[in-house]
Each structure stands twice: as C-alpha cells, then as structure tokens.
Amino acid sequence: MPTLEELDKNRIGVQNIIGKDFDGIIQPPVETVADKGTAAVKPEPVKDDKPLLTAQVMPEYPGGIEALKKFMLKNLRQPDDLQAGEKIIVRASFVVNKQGRIEQVKIIANGREDLDKEVIRVINRMPLWKPGMQNGTTVSVYFNLPVTFLGAGE
C-alpha cells in the first residue's frame with residue numbers, strides 16, 4: 001500500500017498516467033463547467049439502439065410492480081385443466097424500447113404451448129411503460145417476466 005507521501009505526489013483524474021512525479025499543475029477532466037467553476041466529466045451517451053441487459057434506471061410498468069401484477073391477473077385467461085395445487089411457470093422476455101413500447105416478446109422458459117401463447121398475448125396488450133435510462137438518456141432494455149399459473153383448489 002502506498003504511503004501518504006507517495007499519494008501526495010499523485011493526482012486524481014480521468015486518465016491513468018504512468019511517468020514522472022506530480023509537478024504541481026492540476027489538469028481538469030475532459031470538460032469544465034464554466035458557470036459553476038467546477039470540473040465535471042460528461043457522461044458518454046449511449047451510441048446505438050441495441051437493448052441493454054440492465055440500465056441505471058430500469059423500465060417501469062405505469063404504477064409499479066403491483067399495478068403490473070393486477071394487469072396480468074385481470075387479463076390472463078386461466079386454464080381450466082390444471083389440477084388443484086398444480087403450478088406452471090412461464091418465463092417471458094421482452095424489450096421496453098426508448099418510447100416505452102413492448103417489442104421482441106419471446107418465451108425463455110416454456111410452460112405449455114397454450115400458456116406460452118397466452119402470456120405473449122397479454123404482454124403485447126400492455127400499455128406504454130416508463131422507459132429505462134442510462135446516463136440521462138432513454139434506452140431500450142430487456143425485461144424478464146415470470147408468470148405463474150396455479151390450479152384452483154377444490
């Protein structure tokens with residue numbers, strides 16, 4: 001671990017510089033905010049529209065997770081042929097684009113063909129979501145949604 005004297009000879013910045021000792025001149029980062037008198041690094045914008053696996057702010061269904069659960073319960077057609085206590089889980093994946101629209105819906109863990117189709121049908125009927133954000137810009141983000149079908153008890 002470096003000593004305090006060694007650390008005093010180094011400066012903090014956005015680049016690693018290996019070489020001579022600190023000469024006392026402090027260089028500001030890439031961009032300086034003139035009106036505030038402080039240095040700030042401008043975040044790099046997201047360059048393409050390729051969906052992200054995760055974002056600083058993830059997409060959100062309007063009203064949050066509880067509203068999403070209510071929407072799914074209201075719109076999913078429960079199958080009549082499940083045994084009491086039987087549980088089938090269908091895992092879906094989709095993209096919430098920059099505008100909050102649902103795209104690229106697919107099943108990543110099958111339950112049963114009819115249930116898979118039902119989950120896709122309901123996901124495609126969802127309202128606009130609040131899109132994900134990365135570095136202050138709206139971005140497309142993948143979202144995984146498990147849907148559980150339960151057989152009614154007798």
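Residues numbered from 1 in each chain as written. Predicted model: local features only at pLDDT ≥ 70, side-chain atom pairs only at ≥ 80, totals over all residues. Heavy atoms only, no water.

S.K.: Outline the packing of aromatic side chains, supporting the account with residue identities and numerical values.
M.R.: Ring pairs (aromatic) are described by centroid distance and by the angle formed between their planes. Per the counting criterion, the structure on display carries 5 aromatic pairs. Here the aromatic rings of Tyr61 and Trp129 are separated by 5.7 Å at their centres, their planes lie at 85 degrees, and the arrangement is edge-to-face. On the criterion of sequence distance, the pair formed by Tyr61 in the loop between β2 (38-40) and α2 (65-75) and Trp129 in the loop between α3 (113-124) and β5 (132-134) is long-range, its members being 68 residues apart. The rings of Tyr61, Phe71, Phe94, Trp129 and Phe143 are connected pair by pair, giving a single aromatic cluster. (Phe/Tyr/Trp six-rings, centres within 6.5 Å; stacked < 30°, edge-to-face > 60°. Helix = DSSP H or I, 4+ residues; strand = E, 2+ residues; numbered from the N terminus.)

S.K.: Explain the sheet that holds strand β3 (residues 87-96) to me, using residue names and the numbers behind them.
M.R.: Judged by pairing direction, the sheet is antiparallel, and its 3 strands sit side by side in the order β4-β3-β7 without closing on themselves. Sheet topology places β4 (102-109) and β7 (141-150) at the edges, where each strand pairs with a single neighbour. Between one strand and the next, the sheet's axes are offset by a mean angle of 25 degrees, whatever the strand orientation. Sheet topology places β3 next to β4; 5 bridges connect them, and they run antiparallel. Each bridged residue has a counterpart across the sheet, and for Ala92 the counterpart in β4 is Ile107. (Pairing = 2+ DSSP bridges. Axes fitted to C-alpha atoms, helices over the stretch in contact; angles between N-to-C directions.)

S.K.: With reference to specific residues and values, describe the nonpolar core.
M.R.: Met72, Val119, Met126, Trp129 and Leu145 are the most contacted members of the largest nonpolar core, which totals 23 residues. At the level of elements, α2, β3, β4, α3 and β7 are the ones that each hand at least two residues to this core. Top element by residues in this core is β3. It accounts for 5 residues. Sequence-distant contacts of Leu145, defined by excluding residues within four places in its chain, comprise Leu68, Met72, Val90, Arg91, Ala92, Phe94, Ile123 and Met126. (Core = buried A, V, L, I, M, F, W, Y, C linked by side-chain atoms within 4.5 Å. Buried < 20%, exposed > 50% of the residue type's maximum accessible area, 1.4 Å probe, protein only. Contact = heavy atoms within 4.5 Å.)

S.K.: Can you lay out α3 for me, pointing to particular residues and giving the numbers?
M.R.: At 3.6 residues per turn, the α-helix brings residues three or four places apart onto the same side. Between its first and last C-alpha atoms α3 spans 17 Å; for 12 residues at 1.5 Å apiece the expected length is 16 Å, and the two agree. By the burial criterion, the buried members of α3 are Leu115, Asp116, Glu118, Val119, Val122 and Ile123. Projected onto a plane normal to the axis of α3, the buried residues spread over an arc of 160 degrees and lie on a single side. Those residues of α3 that are exposed and angled more than 90 degrees off the buried face are Glu113 and Lys117. (Expected span 1.5 Å × (residues − 1). Arc of directions from axis to C-beta.)

S.K.: Pulling in residues and values, what's your account of the pattern of salt bridges?
M.R.: Scanning the entire structure with this criterion turns up 6 salt bridges. Note that Asp81 and Arg112 form a salt bridge whose closest N and O atoms lie 3.0 Å from each other. Of this pair, Asp81 sits in the loop between α2 and β3 while Arg112 sits in the loop between β4 and α3; the two residues are 31 residues apart in sequence, bridging distant segments of the chain. The class for Asp81 is partly exposed, based on a relative accessible area of 48%. Salt bridges sharing common partners tie together Arg77, Glu118 and Arg121. (Salt bridge = Lys/Arg side-chain N within 4 Å of Asp/Glu carboxyl O.)

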